[in-house]
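Descriptive structure summary
One letter stands for each residue in the lines below.
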Amino acid sequence: MQRLLFNISIAKTYKILFILYVLNVYYLKSFELTYSLTLLFGIFMLPTIKISRFTFEIISLLFLILITSIVSSLYYGFDTFNFLKGILYFTKPILMILVGYAFCLKINNKDFIFKFLIYFSILLALSHIFIVIKWFYLEDISVNYLRYLGGKSNLIEFFGLIFLLSRNKLKLFFLNKNFVSIGVIILTISFVFYFSRTQFVALIIFMFCIYGYTRLNTKSILIGVSSIFSIILLFVILHSVNLDRNSTGVEGFLYKLKVAPSEIFNADINIENHAELWDKWRGFEAKKAIDQISERGTFAVIFGAGIGSLVDLDIDFAIQGIDSKLIPIIHNGYILVYFKAGLLGVFFYLVFIARLYSKTYAKSINNGYLETINNLVGGFAFYLLFTSLIISGIYNVNSLLPFILGYFLCVNHLTNLNRI
């Protein structure tokens with residue numbers, strides 16, 4: 001009895017630490033603080049846990065990217081400051097996955113993360129809706145200004161909405177139907193007013209994954225083809241309509257949607273035209289990175305320019321108020337890995353994503369809940385496959401995604417062992 005009470009007390013302590021960790025990372029948005037806090041928890045917890053073989057494989061692939069980029073730095077030489085900064089940047093998602101996994105083991109409650117993310121997401125959504133209401137009374141009601149006031153997206157609200165929409169599949173029966181209905185309405189309203197193209201597409205992808213539509217079969221292929229056709233039709237319609245770049249409200253959002261593909265892939269721009277440069281910024285910085293790797297030759301193409309390498313934009317770009325044309329990271333995660341670790345690094349990154357997706361096909365032995373958790377882990381693969389084009393994927397500087405991924409890798413493992 002005394003041992004049971006002790007275990008309960010320990011679990012509560014880790015729940016509090018979990019909440020404090022998430023709140024610090026979410027609100028302070030400081031890379032240095034996040035890394036320090038993650039490292040501190042890692043030193044404290046990791047020596048006492050044993051990770052699953054699958055999780056070991058996942059982080060090993062990220063380690064291989066790190067090692068490849070270090071080898072390239074040793075070949076080309078490096079600036080010590082940028083080299084150490086790159087080490088921190090590429091080890092951060094590894095540490096966050098491991099710390100998230102460790103928290104799950106210590107808490108040992110499958111419902112805890114669902115409860116926390118759902119309740120926290122609703123509080124954040126209510127706060128965002130309040131900002132939206134105030135925005136309606138401002139003189140400047142442009143989409144860009146609203147996103148400046150309330151944020152461009154919200155990962156916590158993203159997962160909160162997914163979990164509420166998937167309540168039955170995830171067996172979240174601690175939530176009553178009235179609460180779910182009200183929560184979905186609140187989160188949907190907030191979700192829409194982020195006007196985030198990335199978040200909207202990612203929501204659809206994740207829902208498809210949880211409901212098993214990403215496992216290849218006749219039904220999923222039909223749904224996939226229909227979705228692709230619908231997207232093509234949408235862009236055909238958008239390109240047939242004259243949308244003003246400087247318009248406000250919904251038209252401004254539709255313009256951003258219209259230029260989304262060119263923003264990522266089209267680098268054929270006039271850099272003197274600031275509007276065109278901004279619309280196609282991701283494509284511009286990606287092209288600069290690719291060109292600079294090509295100029296270095298075969299070794300760089302295979303192994304990259306090194307972990308401390310900087311992309312030369314040829315034009316000054318304000319970073320934290322300081323004009324610089326040399327930047328350490330870019331929005332396109334695939335090209336970022338290619339620049340630092342070459343084609344070999346990109347290969348490891350794609351295998352990392354593919355390995356996550358493979359969970360979709362893991363045997364569930366007629367266990368519906370385990371199958372859903374497998375699909376949920378597979379959902380992270382599709383999320384990263386898509387967001388790596390836009391917001392650096394797993395290497396997004398201030399994202400909680402690796403931490404949440406690590407927690408669910410543990411939930412998946414413990415569910416498979418019938419220990420949670």
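Look above for the structure.
Owing to the predicted nature of the structure, the values given are computational and were not obtained by experimental measurement. All residue numbers refer to positions counted from 1 along the written sequence of the respective chain. With pLDDT at 70 or above as the cut-off, local features in this predicted model cover only qualifying residues; side-chain atom pairs require 80 or more to be listed or tallied, and sums for whole chains, interfaces and linings still use all residues. Note that the side-chain values use all heavy atoms of the structure and ignore hydrogens as well as water.

For our purposes a nonpolar core is just a set of buried Ala, Val, Leu, Ile, Met, Phe, Trp, Tyr and Cys residues, chained together by side-chain atoms within 4.5 Å. For every residue, the accessible area (1.4 Å probe, protein chains only) is compared with the maximum for its type, and the residue is labelled buried under 20%, exposed over 50%, or partly exposed between those bounds. Counting 112 residues, the largest nonpolar core has Phe163, Phe352, Leu356 and Leu400 as the members making the most contacts within it. For the purposes of this entry, the term helix denotes a DSSP run of H or I that reaches at least four residues, the term strand denotes a run of E that reaches at least two, and both are numbered from the N terminus. Sort the elements by how many residues they give to this core and helix α4 (residues 80-107) lands first, with 14 residues. Setting aside chain neighbours within four positions, we find phenylalanine 352 in contact with Ile58, Leu61, Leu62, Leu384, Ile394 and Leu405. Ranked by size, the runner-up nonpolar core spans 5 residues in total, among them Val132, Trp135, Val143 and Leu146. Residues count as neighbours in contact if any of their non-hydrogen atoms are within 4.5 Å of one another.

Below, the discussion takes up the side chain of serine 73. Inspection of the secondary structure puts serine 73 in helix α3 (residues 53-76). Excluding anything up to four places from it in sequence, serine 73 contacts Phe78, Phe83, Gly306, Ile307 and Gly308.

This part is about helix α8 (residues 177-192). Helix span, as expected, comes to 1.5 Å for every residue beyond the first. Taking 1.5 Å of rise per residue, the 16 residues of α8 would be expected to cover 22 Å, and the 22 Å separating its terminal C-alpha atoms lies within 8% of that figure. Here α8 has its buried residues at Val180, Gly183, Val184, Ile186, Leu187, Ser190 and Phe191. The term polar contact refers here to a pair of N or O atoms within 3.5 Å; inside protein, the definition further demands a hydrogen-donor-capable atom paired with an acceptor-capable atom, and it admits residues adjacent in sequence only when both atoms are side-chain atoms. Capping the start of α8 is the job of one residue whose side-chain oxygen sits 3.1 Å from the backbone nitrogen of asparagine 178: asparagine 176.

Further remarks concern helix α7 (residues 155-165). Most of α7 sits out of view: 10 of its 11 residues are buried. Those residues of α7 not exposed but buried are Leu155, Ile156, Glu157, Phe158, Phe159, Gly160, Leu161, Ile162, Phe163 and Leu164. Its side-chain oxygen at 3.0 Å from the backbone nitrogen of isoleucine 156, asparagine 154 defines the N-terminal cap of α7.

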